[in-house]
2 protein chains.
Amino acid sequence: MISQATEDYIKIIYKMKGNGTVTTNSIAKALNVTSASVTNMLKRLAEMRLLKYTSYKGVKLTKAGEKIALEVIRHHRLIELYLSEIMGYTWDEVHDEAERLEHHISEQFEEKIFNMLGSPEFDPHGAPIPSKNGDIPKNEISPLTDCAPGDYVRIERVSDADPEMLRYLSEIGLVLMVEIKILSKEPFNGPLTVNVGGTERMIWDEVAKNIYVAPVLSNDKVEA
Amino acid sequence: MISQATEDYIKIIYKMKGNGTVTTNSIAKALNVTSASVTNMLKRLAEMRLLKYTSYKGVKLTKAGEKIALEVIRHHRLIELYLSEIMGYTWDEVHDEAERLEHHISEQFEEKIFNMLGSPEFDPHGAPIPSKNGDIPKNEISPLTDCAPGDYVRIERVSDADPEMLRYLSEIGLVLMVEIKILSKEPFNGPLTVNVGGTERMIWDEVAKNIYVAPVLSNDKVEA
DNA sequence: ATTAATTTTTAGGCAAGGCTAAAAAATAAT
DNA sequence: ATTATTTTTTAGCCTTGCCTAAAAATTAAT
Ligand SMILES: [Mn+2]
Ligand SMILES: [Mn+2]
Ligand SMILES: [Mn+2]
Ligand SMILES: [Mn+2]
């Protein structure tokens, strides 16, 4: 059996591979353990052939490691969606529960909830759910911070890192699939003003960073 | 946080307290570990004030220990019922899944499934679900092996220990709430013959041991 | 009352996964 | 090119839970 700690290391390494080299320190920070602990674990994971580890140089998952990462992420996102769709959790409550359960459900459980949810492709925060064989549903999204005045976009994904932020976002109506129009944007990472369901809102960098959007095709637009 | 191992020890000790003194060996057998491991753990549990441990003499849970036991058992049985009622598991599939999940769900999760299930009192095998404050729903049941010819009884509980046995029982129609009439019983733990839904069945000791029944009041009887 | 058998505890080890403090390597600054 | 800073690794230690083998205590049989 593969341990919870192992799964958490592998998962975080997988998630960090986007932003350049995955270093000892970055893993330590993400998992809230010391770098010494990370070095120790990386050696063991390399021993298990779940990743390739070059001292001082960083780390890269093997095929086997990536498979485990995708499996855990699939569990996590399916559970999040299940909690929210079937059990009535709010989107700020699902992450912590999923973070534990992802390591302890059976394949049968995974399959059952996958079917109950109608073969879903995205979790409650818009994150793609890897398929059983590791394919990741694609959708074209970009950071809200990249938008320009005049853009008309739909919220397609939010970061699930901070429950407080999620509560704030739903409070001000910034939930998935909501369409917003960018009214203005100040330079130097300054605040945006947007129109959300008829209300004008200011969204500053700290908040905007959490939101990803896709353009609304002009023929779908409903002028606000 | 209290570890999974701790919870499993406490739970098994609680369950064994019915049959006389709980000994090192009996715990070892039940948990499939060596007696040396048990001695070691008992010392730690005593240190944590979860039980009173007298060398060579056996063990008894404290109030704190009992509270943990009841909490874990409540989780286990609620999860079993949830899996069977809401997710379509069969009664032979629920135990293993519950055995892991019981240690990892939150109080919120517990509450949600409790409500979804309509404040249930018994699990899919007829075992009572301890209430939030530790009360255990009572029902008057006795072993099927204690029945005498002529008795008319209802199946109120089955042992969930062996999935194979559970599959066999449902195969021959011996599921919860089914009413059966005892036709004959051989001495020396010999087989019983019973009438189940019009069919005559032989139930020998190994099988009968798993079944607990309550008498059906004569005015409720439906002659078979 | 001894002796034999059984149960339980001790002693000593091991693997996983953490930690701190010190050493070494890599990077950045002068 | 040195020197200073940051990153990473080593070394040594700890706790949890498990193990085996040997010793001690208890219980059962003669
Ligand atoms: Mn996790
Ligand atoms: Mn999510
Ligand atoms: Mn368990
Ligand atoms: Mn049960």
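Residues numbered from 1 in each chain as written. Chains lettered and ligands numbered in written order. Predicted model: local features only at pLDDT ≥ 70, side-chain atom pairs only at ≥ 80, totals over all residues. Heavy atoms only, no water.

## Here we look at the overall build of chain A
- Scanning chain A for helices and strands turns up 8 helices and 8 strands.
- Taking the principal axes of its C-alpha atoms as reference, chain A extends roughly 60 × 45 × 30 Å.
- A total of 224 residues make up chain A; the buried ones form 44% of that total.
- For chain A, contacts bridging at least 24 residues in sequence account for 62% of all contacts bridging at least 6.
- Summed over its atoms, the accessible surface of chain A is roughly 11800 Å², and 52% of this surface lies on carbon and sulfur atoms.
- When the 26 basic and 34 acidic side-chain charges of chain A are each reduced to a single mean position, those positions are 9 Å apart. (Helix = DSSP H or I, 4+ residues; strand = E, 2+ residues; numbered from the N terminus. Buried < 20%, exposed > 50% of the residue type's maximum accessible area, 1.4 Å probe, protein only. Contact = heavy atoms within 4.5 Å. Areas by Shrake-Rupley, 256 points an atom, 1.4 Å probe, with all protein chains shown as cover. Lys, Arg positive; Asp, Glu negative; His and termini not counted. Charge placed at Lys NZ, Arg CZ, Asp CG, Glu CD.)

## Section: the interface of chain A and chain B
- Across the boundary between the two partners, chain A contributes 18 residues, which contact 18 residues of chain B.
- Summing both sides of the interface, chain A and chain B together bury roughly 1600 Å²; the carbon and sulfur share of this comes to 57%.
- The largest share of the area that chain A buries against chain B comes from Met87, His104 and Phe109 of chain A, three residues that together contribute 35% of it.
- On inspection of chain A and its partner chain B, the count reaches 0 salt bridges.
- Here chain A and chain B share 10 residue pairs in polar contact (both at pLDDT 80 or more) between them.
- Counting residues per element, the ones that place at least two in the side of chain A that touches chain B are helix 4 (63-85), helix 5 (94-101) and helix 6 (107-116) of chain A.
- Sort the elements by how many residues they give to the side of chain A that touches chain B and helix 6 of chain A lands first, with 5 residues. (Buried area = accessible area lost by both parts, 1.4 Å probe. Salt bridge = Lys/Arg side-chain N within 4 Å of Asp/Glu carboxyl O. Polar contact = N/O pair within 3.5 Å; in protein donor to acceptor, adjacent residues only side chain to side chain.)

## Section: the protein's contact with DNA strand D
- In the vicinity of DNA strand D lie 21 residues, with Asn25 and Tyr53 of chain A together with Ser3, Ser37 and Arg44 of chain B positioned nearest.
- Sugar and phosphate atoms form 80% of the subset of DNA strand D atoms that lie within 4 Å of the protein.
- A distance of 3.3 Å separates a sugar or linking oxygen of DNA strand D from a polar side-chain atom of tyrosine 56 of chain B.
- For the surface near DNA strand D, the elements supplying multiple residues, two or more each, are helix 2 (24-31) and helix 3 (35-47) of chain A together with helix 1 (4-16) and helix 3 (35-47) of chain B.
- Across the surface near DNA strand D, the residue classes tally to 9 nonpolar, 10 polar and 2 charged. (Near = heavy atom within 4 Å. Nonpolar A, V, L, I, M, F, W, Y, C, P; charged D, E, K, R; others polar.)

## Describing unusual backbone geometry
Residues and elements named next belong to chain B.
- Here the phi dihedral of arginine 49 falls at roughly 65°; this positive angle occurs in a residue that is not glycine.
- Here arginine 49 shows up in the loop between helix 3 and strand 1 (51-54).
- One non-glycine residue, serine 119, lies in positive phi territory at about 50°.
- Secondary-structure assignment places serine 119 in the loop between helix 6 (107-116) and strand 3 (142-143).

## Digging into the sheet that holds strand 5 (residues 179-185) of chain A
All names here are of chain A.
- Read from one edge of the open sheet, 6 strands run 3-8-4-5-6-7, paired in antiparallel fashion. The sheet terminates laterally at strand 3 (142-143) and strand 7 (199-203), the two strands that pair on one side only.
- The pairing of strand 4 (residues 152-158) with strand 5 spans 3 bridges and is antiparallel. When the bridges of strand 5 are listed, valine 153 appears paired with isoleucine 180. (Pairing = 2+ DSSP bridges.)

## Some remarks on the relation of the copies chain A and chain B
- Superposing chain A onto chain B requires a rotation of 180° together with a translation of 0.0 Å along the rotation axis, leaving an RMSD of 0.0 Å. Each copy turns onto its partner about a two-fold axis.
- Most of the interface of chain A is mirrored in chain B, where 100% of its interface residues are also at the interface. (Least-squares fit on C-alpha atoms with pLDDT ≥ 70 in both.)

## A look at the packing of helix 1 (residues 4-16) of chain A against helix 4 of chain A
Residues and elements named next belong to chain A.
- Packing of helix 1 against helix 4 leaves a shortest axis separation of 9 Å and a crossing angle of 95°. On the basis of their axis angle, the class for helix 1 and helix 4 is roughly perpendicular. Contacts from Glu7, Ile10, Lys11, Tyr14 and Lys15 in helix 1 reach Gly65, Glu66, Ile68, Ala69, Leu70, Val72, Ile73, His76 and Arg77 in helix 4.
- A per-class count over the contact of helix 1 with helix 4 returns 7 nonpolar, 2 polar and 5 charged. (Axes fitted to C-alpha atoms, helices over the stretch in contact; angles between N-to-C directions. Parallel < 35°, antiparallel > 145°, perpendicular 65-115°, else oblique.)

## What to know about the protein's contact with DNA strand C
- Inspection of the region around DNA strand C gives 20 residues, with Ser3, Ser37 and Arg44 of chain A together with Asn25 and Tyr53 of chain B positioned closest.
- In the interface set of DNA strand C, defined as its atoms within 4 Å of the protein, sugar plus phosphate atoms amount to 79%.
- Those elements giving two or more residues to the surface near DNA strand C turn out to be helix 1 and helix 3 of chain A together with helix 2 (24-31) and helix 3 of chain B.
- Partitioning the surface near DNA strand C into residue classes produces 9 nonpolar, 9 polar and 2 charged.

## Some remarks on the coordination of the manganese ion (ligand 2)
Residues and elements named next belong to chain A.
- Listed as protein donors to the manganese ion (ligand 2) are Glu80 (OE), Asp123 (OD) and His125 (ND1); their distances from the metal cover 2.1 to 2.4 Å.
- On the primary sequence, the residues serving as donors to the manganese ion (ligand 2) are separated as E-x42-D-x1-H.
- Take histidine 125: its relative accessible area is 1%, and that puts it in the buried class. (Donors = N, O, S within 2.8 Å, 3.2 Å for Na, K, Ca; no water.)

## Some details on the domain arrangement of chain A
All names here are of chain A.
- Here chain A is described as being made up of domain 1 (4-61), domain 2 (74-138) and domain 3 (142-223).
- Here the C-alpha centre of domain 2 lies 24 Å away from the C-alpha centre of domain 1.
- Taken together, the contacts link 6 residues of domain 1 with 7 residues of domain 2.
- The largest contributions to the domain 1 side of the interface with domain 2 come from Gln4, Glu7 and Lys11, which together make up 67% of the buried area. (Domains from an automatic or database assignment.)

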